[in-house]
Amino acid sequence: MIATFRLALRLALREAARNKTRTALTIAMLVLPLAVVSFAATTWATFDNSPAEEARLTLGDTDALITSTPYKATDKQDGTSFDSGYTQAGPEHGLTPEQRRTQLEEIFPAIERITPYDPYSGGDLGRVEHGEEVLDATAYAYDLDDPLLNRGPFEITEGTAPDRSGEVAVSRSVAREFDLRPGSKIRYGQGKTLDEYTVTAVVERPSALYENFVFGPHDFSAEVGDPVIPSWLVDLSTPVTDEDLENLNSHGYTAYSPAISSAAEAAGGDDGGGDSRSVIAAILLATFAVIEVVLLAGPAYTIGVKRRIRDYAVMSANGATPRQLRWAVLTSGLVSGAVAAVIGLLLGSGLALAIVSLSEEWFGRRAASIDFWPSLQATAVVAAIGTGMLASLTAAVSASRVNVAAAVSGHMTQPKVKRLWLFAGLAVVAVGMIAGVVGMTVDIVVLSMVGIVAVQFGLIGCTPSIVSGVGRLASRLPVTPRIALRETARNRSTAAPAVTAIMAVVGAGLLISSFAAANAARDTGIWTEPAEDNVLSIYIAKNSGDPERVGDYSKEEYGAVRDEVRDIVRQVVPDAEFTPDRNFVVCAPPGEGYTAQCNVEVSVPSANMCPWDVPNLDSLTDEEQAQALDDPRCRMTERDVYNPGEHAVTDSRALLGLETGLEGAVLDRAFEALEDGKAVVSNEQLVEDGRITLTLDQTTYPDDDPESEGVQEQRPFTLDAAVFPDADLSTTTFAVSPATLDGLGLETETPTNEIALSSEAIDQGSADEINDRLDRAGYSYTDEGWQASVYSPAPSGLSAPNAYVLLAALACGLIALGATAVATGLVVIESRRNLATLGAVGSSPLMRRNLSMWQAASISAIGTGIGCVVGFAGYGVLVGILNAQAESRYPIQTPYPFHVPWVFIGTTAVAVPLIAMAAAWVLTRTQIPSERRVG
């Protein structure tokens, strides 16, 4: 056994040295997944902090953060996280922050230094101006000469702490935005009052690098934190112990400290493991990666065996057993896998360490320490070696079955494509698709995973027949593409795995990107109000200084502010037309000293009421959901549950169109109904005898009794209604004109918000520019006075999950490009003997390069075409399964649309063949051995 392995190892090393290009390409394919895993593992381990590391990153060199709760005592906290919860275990203490601080120093004598600090609040929001640029930032009165702050939550990275009035320190994000250095001048303030300051230092918070703040201990409010829940940073003579924590909790304090987190972590806690679905998803991804690497690296070993088939025949003739021949090839995979494991591990981890600073910018926080994930990286190393051997398995079996006489005489022939493989492949594909459908239907993820893998293997079996069949179309092509396509069909053993690999990656990318687009469209329909990209919402308000009360103003004062805001908007959107965006109704308290809260709802007639519309719809059984779906009275949708929206009060045709999504003649009829005093609804179940019933639900509270439950009052109203089923209104909302509400005695508020409409799209950049102009005009956030801002209600961007799915699709696209380059490169290498023959009979270098280029194009085009078909088929199955499941659920689910990702298809259809053709062009030699011998 050992002697056989030593001989096989010597042969493998000799073969690798003899065919350096092919060996390098093979190792590159094995290195890629391991390098990615190693990079991801090192980066994840570095930024996935333990509780103790998180505490050290948050508090720096400070020993602890102690917070006073409102209570005299609390139950013991776990101490492992920054916001560890606590449970009230005593009455409220009623003490001031100063009294609580004195009490803390008495019960905890280990405190050597203490300073107020609140990680959540303690600053005033204002704006920073530098030149023409504006940025919102929070002002703090923290003194950075205090070592508890400077070497604790904050760190001065440049300059010195402010030591007099007129000097400030700014955060690194503010400094970067304005390119500030110590000595730079800025303006800071609220409203229209801005004061000039000199920057003396740039400061960062290691746990949050992108916070915008300004420190000015001699100019800003010295009030720090929440007066009800004050907190302090402390230096201690001894580390916080479990007994200290119990003592603090018994007096109504909580503590957060690296010492407490370390002890709690040692005692056992969350191991950070994911749920079973995450583990299964990771296994599926790993399985997919292994299959891809095997498909791409396999042809390299097959080429090696075909080139050395005569050597293996001679070895067999001299007594080598099939087992020894298999070992000779498998050891090549072992050597390639071992080399790739070392290179991939070093490359991935080294790259992760080299770009830690860039990763810190990505995560928005500093790395607490440099860590690795040994178990995962060791598993990846073993997987790389095993994958190398698995990739060489087919070639090893082929070598062990060599026909000695045919190989020695040089009369090896290409085996015919057996229909058995085609039918077997189709059968496996069918079984895999059935398994995937059943697995997703009954929610067995493992079965779906097995189905996906089975489909992959089934396609592998079908591909040689597909390649052979496509070769029959060569007669209709020009000479060079015709020869290339016939060569591809003839060398099926090399071309088919390359085609399969490209097909699988393109299909996966298409499926993922299609689902990402469909899911984004579905989420938009559920969570976003109907809106167009030519709309801006304008918010105008007056603050009173009391967060519980808006400021008092006259209509004349509001009119002047509104006109100025409109002028600023028109500076950016010249053709803007403005429409009032009315709040619904005015709550009417009975007199002074009372506060009222009110809500207007549309009541469903008892005859039309769905018996299954219960408060907790998740409690409905499968049978009850089926009964609800069969009941025509039950029309509640997902949007009604998660985003019911508000009633629309408008006398503007344009705004009615925005609120309902109606247009053209249908919108004209809806607006006529609105002018006739009717309510516009989308759900006919709300209407009885042509009318709907509104209920005003108002609760009145006496101002001098905050604990009062209030007095509830309900008043019904009825009005005529017009049903427009196509209106994009929730089934529980309606649209009505202000005049109609006034006729019912429901007073609408004077609108302080507006809608701006333009004939062209208003992008986010225009909205940002308007907000900058409003800030410079003094309408930024202020504790007292007017503020104004605009935002675009049209959906933009992707949610985080959809962004991750889109990134996965992008990754599949990049892998497809890499797979194409490597696979076609291997095919070109295999074709060099034929190219040498062409050169010997007078073919020009350009002709040979064109031939290789078109052969690569044929492989990539076949793989891309089949991949698109497979991807669309998989996407159709997936959407069908999800929508079929949705049809059996109540409330009525929003279906997934069949969305075609034309950008991905267009990019892939163009980029993949171009990359393949470029790789073939580069790897094809202009001078071949026969020409060099002649010269």
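This structure is a prediction, so every number in the text was calculated from the model and none was measured. (Residues numbered from 1 in each chain as written. Predicted model: local features only at pLDDT ≥ 70, side-chain atom pairs only at ≥ 80, totals over all residues. Heavy atoms only, no water.)

K.L.:
Please clarify how a nonpolar patch on the surface should be interpreted in this entry.
P.N.:
On the surface, Val-339, Ile-343 and Leu-347 cluster together to form a nonpolar patch covering roughly 230 Å² of accessible area. Residue classification places Ile-343 among the partly exposed residues on the basis of a relative accessible area of 38%. (Patch = residues over 30% accessible without salt bridge, like charges linked within 9 Å, V, L, I, M, F, W, Y side chains within 5 Å. Areas by Shrake-Rupley, 256 points an atom, 1.4 Å probe, with all protein chains shown as cover. Salt bridge = Lys/Arg side-chain N within 4 Å of Asp/Glu carboxyl O. Buried < 20%, exposed > 50% of the residue type's maximum accessible area, 1.4 Å probe, protein only.)

K.L.:
Just to check I follow, could you spell out the packing of aromatic side chains for this structure?
P.N.:
The way to describe two aromatic rings as a pair is by their centre distance and the angle between their planes. Counted under the stated rule, the structure contains 15 aromatic pairs. Ring geometry for Tyr-142 and Phe-154: centres 6.0 Å apart, planes at 40°, overall tilted. Of this pair, Tyr-142 sits in the loop between β4 (133-140) and α5 (147-150) while Phe-154 sits in the loop between α5 and β5 (155-159), and the two are 12 residues apart along the sequence. Both residues of the pair, Tyr-142 and Phe-154, belong to the buried class. (Phe/Tyr/Trp six-rings, centres within 6.5 Å; stacked < 30°, edge-to-face > 60°. Helix = DSSP H or I, 4+ residues; strand = E, 2+ residues; numbered from the N terminus.)

K.L.:
Even after reading the chapter, I still don't get the sheet that holds strand β10 (residues 231-236), so can you show me in this structure?
P.N.:
Strand pairing in a sheet relies on backbone hydrogen bonds, with the paired strands running either antiparallel or parallel. One open sheet accounts for four strands, arranged β2-β10-β1-β11; its pairing is antiparallel. Of all the strands in the sheet, the pair left with one neighbour each is β2 (111-116) and β11 (253-256). Shown here is a sheet whose adjacent strand axes are inclined to one another by a mean of 30°, direction ignored. Bridging between strand β1 (residues 64-68) and β11 involves four bridges; their strand directions are antiparallel. When the bridges of β11 are listed, Thr-67 appears paired with Thr-254. Seen against the sheet, helix α3 (residues 51-59) touches β1, β10 and β11 and runs at an angle of roughly 95° to β11. Packed onto the sheet, helix α4 (residues 97-107) meets β1, β2, β10 and β11 and runs at close to 165° relative to β2. (Pairing = 2+ DSSP bridges. Axes fitted to C-alpha atoms, helices over the stretch in contact; angles between N-to-C directions. Contact = heavy atoms within 4.5 Å.)

K.L.:
I keep staring at the state of the cysteines and nothing clicks. Help me out?
P.N.:
Put plainly, two cysteines are in a disulfide when a covalent bond ties their sulfur atoms together. As enumerated under the stated definition, the model contains one disulfide in all. Two residues, Cys-610 and Cys-634, share a disulfide whose sulfurs are 1.9 Å apart. Judged by the sign of its S-S torsion, about 85°, the cystine formed by Cys-610 and Cys-634 is right-handed. One end of the pair, Cys-610, is in the loop between β14 (594-603) and α21 (622-630); the other, Cys-634, is in the loop between α21 and α22 (638-642), and 24 residues separate them in sequence. Its relative accessible area of 2% is what places Cys-634 among the buried residues. (Disulfide = S-S within 2.5 Å.)

K.L.:
I tried to follow the pairing of strand β18 (residues 711-723) on my own but got confused; where do I start?
P.N.:
Taken residue by residue, a regular strand's side chains alternate between the two faces of the sheet. By the bridge criterion, three bridges tie strand β16 (residues 679-681) to β18 in an arrangement that is parallel. By the bridge assignment, Ala-679 is partnered in β18 with Ala-721. As paired elements, strand β17 (residues 691-702) and β18 share 10 bridges and run antiparallel to each other. Considered in β18, the bridge of Thr-693 is made with Thr-718.

K.L.:
Is there a simple way to explain helix α24 (residues 664-675) in this structure?
P.N.:
In an α-helix, one full turn covers 3.6 residues, which means residues spaced three or four apart are oriented alike. Relative to the 16 Å expected for 12 residues at 1.5 Å per residue, α24 spans 17 Å between its end C-alpha atoms, a close match to the ideal helical length. Of all the residues in α24, the buried ones are Leu-667, Ala-670, Phe-671, Ala-673 and Leu-674. Each buried residue of α24 lies within a common arc of 155° when the element is viewed along its axis, so the set occupies one face. Phi turns positive one or two residues past the end of α24, at Gly-677, with a value near 90°. (Expected span 1.5 Å × (residues − 1). Arc of directions from axis to C-beta.)

K.L.:
It is not clear to me how the nonpolar core should be interpreted in this structure. Could you clarify?
P.N.:
In globular proteins that are soluble, nonpolar side chains generally tend to be buried together. Counting residues in hydrophobic clusters, the biggest one holds 22 residues, and the most contacted among them are Ile-538, Ile-540, Val-565, Val-569, Ile-770, Leu-774 and Tyr-779. Broken down by secondary-structure element, the contributors of at least two residues to this core are β12 (535-544), α20 (555-572), α26 (764-776) and β21 (784-791). The element that contributes the greatest number of residues to this core is α20, accounting for six residues. Not counting residues within four places of it along the chain, the set of residues in contact with Tyr-779 comprises Val-561, Glu-564, Val-565, Leu-774, Trp-786, Gln-787 and Ala-788. (Core = buried A, V, L, I, M, F, W, Y, C linked by side-chain atoms within 4.5 Å.)

K.L.:
Teacher, can you tell me more about the packing of helix α23 (residues 653-660) against α24 here?
P.N.:
Two measures define how a pair of helices packs: the angle their axes make with one another and the distance between the axes. Where α23 contacts α24, the axes come no closer than 10 Å and their chain directions differ by 115°. Relative to α24, α23 is oriented roughly perpendicular. For the pair α23 and α24, the sense of crossing is right-handed. From α23, Arg-653, Leu-656 and Gly-657 reach across to α24, where they touch Gly-664, Leu-667, Asp-668, Ala-670, Phe-671 and Leu-674. Here the residues of the contact of α23 with α24 sort into five nonpolar, two polar and two charged. (Parallel < 35°, antiparallel > 145°, perpendicular 65-115°, else oblique. Left-handed = near helix turned anticlockwise from the far one by under 90°. Nonpolar A, V, L, I, M, F, W, Y, C, P; charged D, E, K, R; others polar.)

K.L.:
Explain the packing of helix α10 (residues 309-317) against helix α11 (residues 322-354) to me, please; I cannot follow it from the model alone.
P.N.:
Direction vectors running N to C along α10 and α11 enclose 145°, while the axes themselves pass 10 Å from each other. Where α10 crosses over α11, the handedness of that crossing is right-handed. Across from Tyr-312, Met-315 and Ser-316 in α10, the residues of α11 making contact are Leu-325, Ala-328 and Val-329. Of the residues assigned to the contact of α10 with α11, the class counts are five nonpolar, one polar and no charged.

K.L.:
How should I be thinking about the side chain of Thr-46 in this particular structure?
P.N.:
Residue position: Thr-46 is located in helix α2 (residues 20-47). Within the structure, the side chain of Thr-46 is placed 2.7 Å from the backbone oxygen of Thr-42, a separation counted as a polar contact. Non-local contacts of Thr-46, meaning those with residues more than four positions away in its chain, are made with Ala-367, Ala-368, Ser-369, Ile-370 and Asp-371. (Polar contact = N/O pair within 3.5 Å; in protein donor to acceptor, adjacent residues only side chain to side chain.)

K.L.:
Any chance you could explain the pattern of salt bridges here in plain terms?
P.N.:
A side chain of one charge can pair with a side chain of the opposite charge when the charged atoms of the two come close. Applying the stated criterion to the full structure yields 23 salt bridges. Taking the shortest distance from any N to any O, the salt bridge between Glu-211 and Arg-205 comes out at 3.0 Å. The class for Arg-205 is buried, based on a relative accessible area of 7%. Overlapping salt bridges bring together Arg-172, Arg-176, Glu-204, Glu-360, Glu-361 and Arg-366 as one network.

K.L.:
What is the right way to look at the environment of Thr-864 in this model?
P.N.:
Of note, Thr-864 is situated in helix α29 (residues 845-886). Owing to a relative accessible area of 5%, Thr-864 belongs among the buried residues under this scheme. Between the alpha carbons of Thr-864 and Val-910 there is a distance of 9.7 Å; along the sequence they are 46 residues apart.

K.L.:
I keep staring at the confidence of the model for the chain and nothing clicks. Help me out?
P.N.:
Regions with low pLDDT should not have their predicted coordinates read in detail. Summary statistics for the chain give a mean pLDDT of 78 and a share of 80% for residues scoring 70 or more. Between residues 269-281, whose pLDDT stays under 50, and residues either more than four places distant or in other chains, the model counts six contacts. Across residues 797-804, where pLDDT falls below 50, the model places eight contacts with residues more than four positions away in sequence or in other chains. (pLDDT = per-residue confidence, 0-100.)

K.L.:
What am I meant to see in a positive patch on the surface here?
P.N.:
A contiguous patch of positive charge on the surface is contributed by Arg-6, Arg-10, Arg-14 and Arg-18. Residue classification places Arg-14 among the partly exposed residues on the basis of a relative accessible area of 45%. (Lys, Arg positive; Asp, Glu negative; His and termini not counted. Charge placed at Lys NZ, Arg CZ, Asp CG, Glu CD.)

K.L.:
Looking at this structure, I do not really get the side chain of Asp-244. What am I missing?
P.N.:
For Asp-244, the location among the structural elements is in helix α7 (residues 242-250). We classify Asp-244 as buried; its relative accessible area is 18%. In contact with Asp-244, other than residues within four places in its own chain, are Phe-108 and Pro-239.

K.L.:
Which parts of the structure should I look at to understand unusual backbone geometry?
P.N.:
The phi torsion of most residues other than glycine is negative, and most of the peptide bonds are trans. Of the consecutive residues Tyr-890 and Pro-891, the connecting peptide bond is found in the cis state with omega at 10°. With respect to the element layout, Pro-891 can be found in the loop between α29 and α30 (902-923). Located in the positive-phi region is Asp-179, a residue other than glycine, with phi close to 55°. On the basis of relative accessible area, Asp-179 is assigned to the exposed category, the value being 55%. For Asp-689, which is not glycine, the phi torsion reads 55° and is therefore positive. Here Asp-689 shows up in the loop between β16 and β17.

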